[in-house]
Amino acid sequence: PVYAYGQTPPTCEQFMARLATAEKHLKIPLPVITYEVTASSADSKEWQFIVSGLNGDVQCERGSLEMYTLEVDGGSDPYTMKRAENLMIASIWAYTNWPLQRSKQTVASLVHKTLSAIKDNIIRGKPDIAARESADLTNGAIANMDGGGSLPMSLWITGGAANPSD
């Protein structure tokens, strides 16, 4: 499916299923993600996952993706940053169905702008101030990246259009 402005974004289940097949489609190495339900009610559900050096969270409301978060918690694994970058690219792809190159460019731009803003804060003598940058996705959804200060580097996608079955 092609998701464009005004069309339906993926449901939470579709998003997670696409993320699970991203390595095959994008031909980039990705960690295997195992989800654990952390909260559930009649209208909402939340999953958490932990992959070496990364924490993630998927929050859904009535089947629609409300928020997806991927946080880099560091650790001693030398591959954490590449694992994080690839998972960020796959996450953008899983939500938007954009081609690999566009998903990569979106992540690269977010990383560059966020790191530049962090560096500017350090130059200003304010290393404790975090930076946040964003990129528009489809259906009014937004990908945000933040980091610096006391925050670890993280990507989060906030959902756009509501599920039409609502």
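A quick note: this is a predicted structure, and the numbers were derived from the prediction, not measured.

Quick look at the overall build of the protein chain now. Looking only at helices and strands, the protein chain features three helices and seven strands. For the protein chain, the N- to C-terminal ordering of α and β elements is α-β-β-β-β-α-α-β-β-β. A burial count over the protein chain gives 43% of its 166 residues as buried. Sequence separation of 24 or more characterises 46% of the internal contacts of the protein chain that already satisfy a separation of 6 or more. If you sum the accessible surface of the protein chain, you get close to 8600 Å²; carbon and sulfur atoms cover 53% of it.

The full count for this structure, using the stated rule, is one disulfide. Bridging Cys12 to Cys60, the disulfide has an S-S length of 1.5 Å. Taking the sign of the torsion about the S-S bond as the criterion, the disulfide between Cys12 and Cys60, at about -115°, is left-handed. Residue Cys12 is located in helix α1 (residues 12-26), and its partner Cys60 is located in strand β3 (residues 54-61); the two are separated by 48 residues in the primary sequence.

Turning our eyes to something else, we now look at the environment of Val111. Structurally, Val111 is set in helix α3 (residues 100-123). When its relative accessible area of 27% is taken as the criterion, Val111 is described as partly exposed. Sequence spacing of Val111 and Glu85 is 26 residues, and the spatial spacing of their C-alpha atoms is 9.1 Å.

Thresholds, definitions, all that
- Residues numbered from 1 in each chain as written.
- Predicted model: local features only at pLDDT ≥ 70, side-chain atom pairs only at ≥ 80, totals over all residues.
- Heavy atoms only, no water.
- Helix = DSSP H or I, 4+ residues; strand = E, 2+ residues; numbered from the N terminus.
- Buried < 20%, exposed > 50% of the residue type's maximum accessible area, 1.4 Å probe, protein only.
- Contact = heavy atoms within 4.5 Å.
- Areas by Shrake-Rupley, 256 points an atom, 1.4 Å probe, with all protein chains shown as cover.
- Disulfide = S-S within 2.5 Å.

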